[in-house]
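# Commentary on secondary and tertiary structure
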Amino acid sequence: MTKTLFLEPLSNNAALVAWQFVGQPLQEWPSWVQSTCSLQKDAEGKFELRHERRSGTQIVYLGEWLVRDLDGGIDFYTDAEIWARFAAKR
């Protein structure tokens, strides 16, 4: 199941979009994830998303979240980190 959340940082009113990687096939990824990430296996055979950034490659594992900000920047968070930092927009 693919689910995209709209989030608000707990400290201000900027809107963000979050997507959790739970092993969905590529065609179920949002377009902004498809255009910025590739799916690979690590040395132990676990799936990971690779997001290339100027500062280096981010690796997103199953259960982690990608968060896109208003400027198009993308960061990733563990499940615990995302709920500690953001609130779901209602």
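The present account deals with the structure reproduced in this document. (Residues numbered from 1 in each chain as written. Predicted model: local features only at pLDDT ≥ 70, side-chain atom pairs only at ≥ 80, totals over all residues. Heavy atoms only, no water.)

## Section: the overall build of the protein chain
- Each helix and strand in the protein chain was counted, giving two helices and eight strands.
- Listing the helices and strands of the protein chain from first to last along the sequence gives β-β-α-β-β-β-β-β-α-β.
- Within the protein chain, the fraction of its 90 residues that count as buried is 31%.
- A separation of at least 24 residues holds for 39% of the contacts in the protein chain among residues at least 6 apart in sequence.
- Surface accessibility of the protein chain: about 5,800 Å² in total, with carbon and sulfur atoms responsible for 50%. (Helix = DSSP H or I, 4+ residues; strand = E, 2+ residues; numbered from the N terminus. Buried < 20%, exposed > 50% of the residue type's maximum accessible area, 1.4 Å probe, protein only. Contact = heavy atoms within 4.5 Å. Areas by Shrake-Rupley, 256 points an atom, 1.4 Å probe, with all protein chains shown as cover.)

## A look at the pairing of strand E6 (residues 65-68)
- In this structure, strand E2 (residues 16-20) lies alongside E6, joined through four bridges in antiparallel fashion. Residue pairing in the sheet places Trp19 in a bridge with Leu66 of E6.
- Strand direction decides the pairing type here: E6 and strand E7 (residues 74-77), joined by four bridges, are antiparallel. Its bridge partner being in E7, Leu66 is matched across the sheet by Phe76.
- The antiparallel pairing of E6 with E7 creates a hairpin that spans five residues between the two strands, and Gly72 there sits at a positive phi of about 90°. (Pairing = 2+ DSSP bridges.)

## Some points on a nonpolar patch on the surface
- A cluster of nonpolar residues, Leu39, Phe47 and Leu62, forms a patch on the protein surface that exposes about 280 Å² of accessible area.
- Mapped onto the elements of the fold, Leu39 is located in strand E3 (residues 37-41). (Patch = residues over 30% accessible without salt bridge, like charges linked within 9 Å, V, L, I, M, F, W, Y side chains within 5 Å. Salt bridge = Lys/Arg side-chain N within 4 Å of Asp/Glu carboxyl O.)

## Describing the side chain of Gln24
- Within the element layout of this structure, Gln24 appears in the loop between E2 and helix H1 (31-34).
- At a separation of 2.9 Å, a polar atom in the side chain of Gln24 contacts the main-chain amide nitrogen of Val22. (Polar contact = N/O pair within 3.5 Å; in protein donor to acceptor, adjacent residues only side chain to side chain.)

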